[in-house]
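Each chain is listed here by its residues.
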Amino acid sequence: MLWTRWLVLLLCWGATSTEQQAEQRARAPAVVRQDSRRQRSPPPVEPLDFGFVPAAVYDTHAYHEPGPVGILFNIVHAFLYAVQPNSFPKDLIVKVIQQNMGGIKIEEWRKPDNVVLLLQWIYYESGFLICGTIGILFVVLTPIIGVCFCVCRCCDNCGGEMHQRQRKNADCQRGFYTASLVCTSIFIIVGVLIAYAANHNVTIKIKNTRRFINTNMRDLRTFANNTPAQIEYLTAQYATAKHKVLSDLDNIGPLLGGRIHSQLEKEVVPSLDTALRMAGAMRETKEALENVSSSLEVLQEETGKLGASLSGERASLTNTLSDPACTNGAVSHTCNTIRSTLSQLGINADYSKLADVNHALANINVILKTDLSNIVQKGYSSFNDTPKLVKEQTKNIVTGVKSMLDKIGAEINGFAKMFPVEASLANFTIFLNEGQKNIESYYPQIDQMDFYRWIGCVAVLCMVVLVVAFNILGLMCGSCGYDKQATPTTRGCLSNTGGNLLMAGVGFTFIFAWALMGMVTTLFVVSGNVEKLICEPLANRQLFKIIDTPNLVHPDKKNFLPGMLFQNPNIDLTLGSMYRDCYDNNGLYHALQLETMFNINSFLNRTVYNKDLATVFESVKIDLGDITLLEQAGRDNLLNFANSGIGQIDYDAYLAEVNKGVTQVDLLSFSTNLEAQADQLPRGALENALKGHASSIRQIHREQVVPMEQAMKYVRARSTMSQSIKQLKRTSNDLPVKVTNILSAIDAVEYLITHNASHVVKQETKGYTESLVGYFKQYTAWVKKSLTTEVAQCKPISNIVDSMEIVGCSFIVDSVNTFWFGLGGCCILLIPSIIFSVKLAKYYRRMDTEDVFEDLGNTGNHGEQMCEIHGDLAVLRYDRSLCFLACRRVNWWRDHFQTV
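Thresholds applied
Residues numbered from 1 in each chain as written. Predicted model: local features only at pLDDT ≥ 70, side-chain atom pairs only at ≥ 80, totals over all residues. Heavy atoms only, no water. Helix = DSSP H or I, 4+ residues; strand = E, 2+ residues; numbered from the N terminus. Buried < 20%, exposed > 50% of the residue type's maximum accessible area, 1.4 Å probe, protein only. Contact = heavy atoms within 4.5 Å. Disulfide = S-S within 2.5 Å. Expected span 1.5 Å × (residues − 1). Bend = angle between axes of the 7 residues up to and from the residue. Phe/Tyr/Trp six-rings, centres within 6.5 Å; stacked < 30°, edge-to-face > 60°. Lys NZ or Arg CZ within 6 Å of the ring centre and 35° of its normal. Axes fitted to C-alpha atoms, helices over the stretch in contact; angles between N-to-C directions. Parallel < 35°, antiparallel > 145°, perpendicular 65-115°, else oblique. Left-handed = near helix turned anticlockwise from the far one by under 90°. Nonpolar A, V, L, I, M, F, W, Y, C, P; charged D, E, K, R; others polar. Patch = residues over 30% accessible without salt bridge, like charges linked within 9 Å, V, L, I, M, F, W, Y side chains within 5 Å. Areas by Shrake-Rupley, 256 points an atom, 1.4 Å probe, with all protein chains shown as cover. Salt bridge = Lys/Arg side-chain N within 4 Å of Asp/Glu carboxyl O. Polar contact = N/O pair within 3.5 Å; in protein donor to acceptor, adjacent residues only side chain to side chain.

Caption draft 1: Seen up close, the overall build of the protein chain. For the protein chain, the count of helices and strands is 31 helices and four strands. For the protein chain, with 900 residues in total, the buried portion stands at 44%. Of the contacts formed within the protein chain by residues at least 6 apart in sequence, a portion of 89% connects residues at least 24 apart.

Following this line, the structure appears as structure tokens:
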């Protein structure tokens, strides 16, 4: 038995360590609820593919369909239910077993408890007891009645007198007896056929039993051969989890560093983005200042020429209005009006009074000599090198974990090789082969015994067939030889032979019936109780409940099965649970609940994920102090930009000048009004001079204002200046505050990385560690699931139980029950067969005396008179003529006395 224990122990190795992990999972939800606002949930663990355990294919199909004979089985089951309708007495059997485990003693039956149990058992067996009593009475009374019947007939009673009285309904009675005997014989033949079918079914099913034996043995060999390969596959799949862990350790930079990076980038990237946008704003500011400077030069040049022309024309016009002719009272009003409008004759947008932006532009050019974008990109690069930094700082830890994983794999393989599984299973296979050979060696003896059994049952049925044959031959001979015209004393030889055959059948019935009924009663009581107390409870698994009753065998032994297998009756293992697990094709480890015998959890805690490995994972320390987001040059650059002077530019003045027109008044309108004013003056030199000035103003408008307004250089200069001034105004708006905020944000992030990143690092390290541990958990969970459902599937055990049920109950017990059912029906029908045969034999046998009828027509009495003749039937026989003469002489004397 040592090899079996080694096998069981090896099957246990893959149990998962769930005790401490279950406690951690129980505490984890509470921690998550308390810290849900401060940390995110760990990333999901990537599922591992461990493949499929090599499956064992079993050949046994423990299912039996009886075929047409199943109808007879169902009829017999219905009859047994009518005889025994009570439910299975589980509690009664348990009490009987518990009270009589020390041995049954006669004096103990007098105890009240045992008397009650006995009465309950009698009540349960009342149907079988009544039927058995009837069978015993049949067995006892049949030979007694047969002897009495023979003696009675020898005394010319009970139908033994060879005289038949003539009755008017004789033909009707003969027909009734004939039909009844025919029906009875037919039913007896049906019973014989039922019994023969059951007898033959036993022979056929015994031969089919070999198939169940072969397939079950083959399944056990398959079980023994596949189990080592399945265990080896379980141990080999540790490499899958190991390789995944090693892969994640090799990629600890992208995985752990990436997680830390993703957590910190929510604070780091926005601050660097603002600094990078400020560097872009510097370049845009330079461009805007350059645009303003160039545009200002263009506008000042163009407006300067126009202003000079208008100033000259205004001076000339002033000199003209100084003419003495303007002092005349009639003309002075017009001259004063014209003189009041001379102030409008000038340029509107005077760009010459705007301050230049060369000082701010020079400062920006100095600031841009430092490439702030490059400095910010260095900050990005320094932050993005977090995975590389993590990998460098955890190099020694990764090396240590790899060596520990190799050691764990070696321990698992070493544990698997501690037990000589292959040698044990080889011995088990040899045991199976020898057992099958021993069983097959009994096949000839079983066939011989079955042949003798078949012959014996056929011989028993031949007794019934002999009686039926006498009945059939008697009916055939009697019916064929019967002559209505013949009197009872003149019946033919064939008819008389039919009557004698019927009486012979009656004699053989009395000879065989009691023996057949004794056989039927014995089989009925034995196999009927086997069906009700074993087969039916085994089919509905009530029998397992009796075996699984706690403390059935001994008050101190709770469960029978673990006490027998493991010498530990306190294990919660029952035969019913084991059968259900094996019927569902679960693993033997789960079916036998071997986790209660072998503490594999401690082994897995020491190996797959031990405290040393946990300590190594918890010792991961990552320092991010080397990350520099913004160098001092970048900080100085930002401060210089804030103090570059762009905030001191009068942007409103620029915008006001840009939005003004070229001249203060429309020169064409001004010249037209001037001519109109000149027309109001008297003709003369003053009028002509004013009209000349109007023509000059038109010429200035035509030659300078219109080309300047249409020139792209002027238009673009105004547009560029407007857009640049607006942009500079937006940029310079609270520029020192913006720069201060950027530097404060960067300082805060750097302080977070330098001093407070340990929480993020610890959180992400814990998530990374949990992902690594998750691979081991997947492996252990897969091992337990495989041990539960796939490794060492114990379907052959349930198949053996089901095969025994099929062979014992469906093959043998059902056939035996059907045999006694058919034979018992024949025995019951032999009783009416006796009655009908005796009655019918009177109509076929040749009688010694008879009743004679005569027609008395000459006396006026048309009735029939009967003359009975008696005599010593043993020595004297009367023929028909003598009887007729005697009757006529008697009738003559009677008529003579009547006449007198």
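On we go from here.
Caption draft 2: Inspection of the state of the cysteines at higher detail. According to the stated counting rule, one finds two disulfides in the structure shown. Between the sulfur of Cys-582 and that of Cys-794 lies a disulfide, 2.2 Å long from S to S. Because the sign of the S-S torsion sets the handedness, a value of about -105° for the bond joining Cys-582 and Cys-794 places this disulfide among the left-handed ones. Residue Cys-582 is found in helix α20 (residues 575-583), and its partner Cys-794 is found in the loop between α29 (735-789) and α30 (795-844); the two are separated by 212 residues along the sequence. Residue classification places Cys-582 among the buried residues on the basis of a relative accessible area of 0%. What makes Cys-794 buried here is its relative accessible area of 1%. In this structure Cys-826 is not part of a disulfide, and its nearest cysteine sulfur, from Cys-827, lies 6.8 Å away.

Caption draft 3: Looking closely at α30. Taking 1.5 Å per residue, 50 residues should reach 74 Å; α30 reaches 68 Å between its end C-alpha atoms and fits that length. Along α30, the helix axis deviates most sharply at Val-813, where the bend reaches about 30°.

Caption draft 4: Representation of the packing of aromatic side chains in the model. Counted by the stated rule, this structure contains 21 aromatic pairs. Taking 5.0 Å as the distance between ring centres and 20° as the angle between the ring planes, the aromatic pair formed by Phe-50 and Trp-782 counts as stacked. Linking Phe-50 in the loop between α2 (19-34) and α3 (69-83) with Trp-782 in helix α29, this pair joins segments that are 732 residues apart in sequence. Pair check on accessibility: Phe-50 and Trp-782 agree, each one buried. Between the aromatic rings of Phe-176 and Phe-836, the centroid separation amounts to 6.4 Å while the plane-to-plane angle is 85°, which identifies the pairing as edge-to-face. Here the residue Phe-176 occupies a position in helix α7 (residues 170-236), and Phe-836 occupies one in helix α30, the gap between them amounting to 660 residues. By the ring-pair criterion, three or more aromatic residues cluster together here, those being Phe-50, Tyr-233, Tyr-238, Tyr-779 and Trp-782. Looking at Arg-210, its charged tip hangs above the ring of Tyr-443, at a distance of 4.6 Å from the centre. Across from the ring centre of Phe-212, 4.5 Å away, lies the NZ or CZ of Arg-211, which sits over that ring.

Caption draft 5: View of the packing of α7 against α30. It is the contact of α7 with α30, at a shortest axis distance of 7 Å, that shows an interaxial angle of 165°. As summarised for this structure, α7 and α30 are arranged roughly antiparallel, according to the angle between their axes. The handedness of the crossing between α7 and α30 is left-handed. Residues of the contact of α7 with α30, tallied by class, amount to 28 nonpolar, 17 polar and four charged.

Caption draft 6: Representation of a nonpolar patch on the surface within the structure. A cluster of nonpolar side chains, Ile-136, Leu-137, Val-140, Leu-141, Ile-144 and Ile-145, forms an exposed patch at the surface whose accessible area comes to about 530 Å². With respect to the helices and strands, the residue Ile-136 is situated in helix α6 (residues 126-154).

Caption draft 7: Focus on the side chain of Gln-436. Of note, Gln-436 is situated in helix α15 (residues 421-441). A distance of 2.8 Å separates a polar atom in the side chain of Gln-436 from a polar atom in the side chain of Arg-221.

Caption draft 8: Quick look at the pattern of salt bridges. The full count for this structure, using the stated rule, is eight salt bridges. Notably, a salt bridge pairs Asp-447 with Arg-210, separated by 2.3 Å at the nearest N-O pair. Note that Asp-447 is positioned in helix α16 (residues 443-481) and Arg-210 in helix α7, a separation of 237 residues in sequence. Judged by relative accessible area, Asp-447 falls into the partly exposed class, the value being 32%. Residue Glu-790 pairs with Lys-785 through a salt bridge whose shortest N-O separation is 3.8 Å. Overall, Glu-790 belongs to the partly exposed group, its relative accessible area being 21%.

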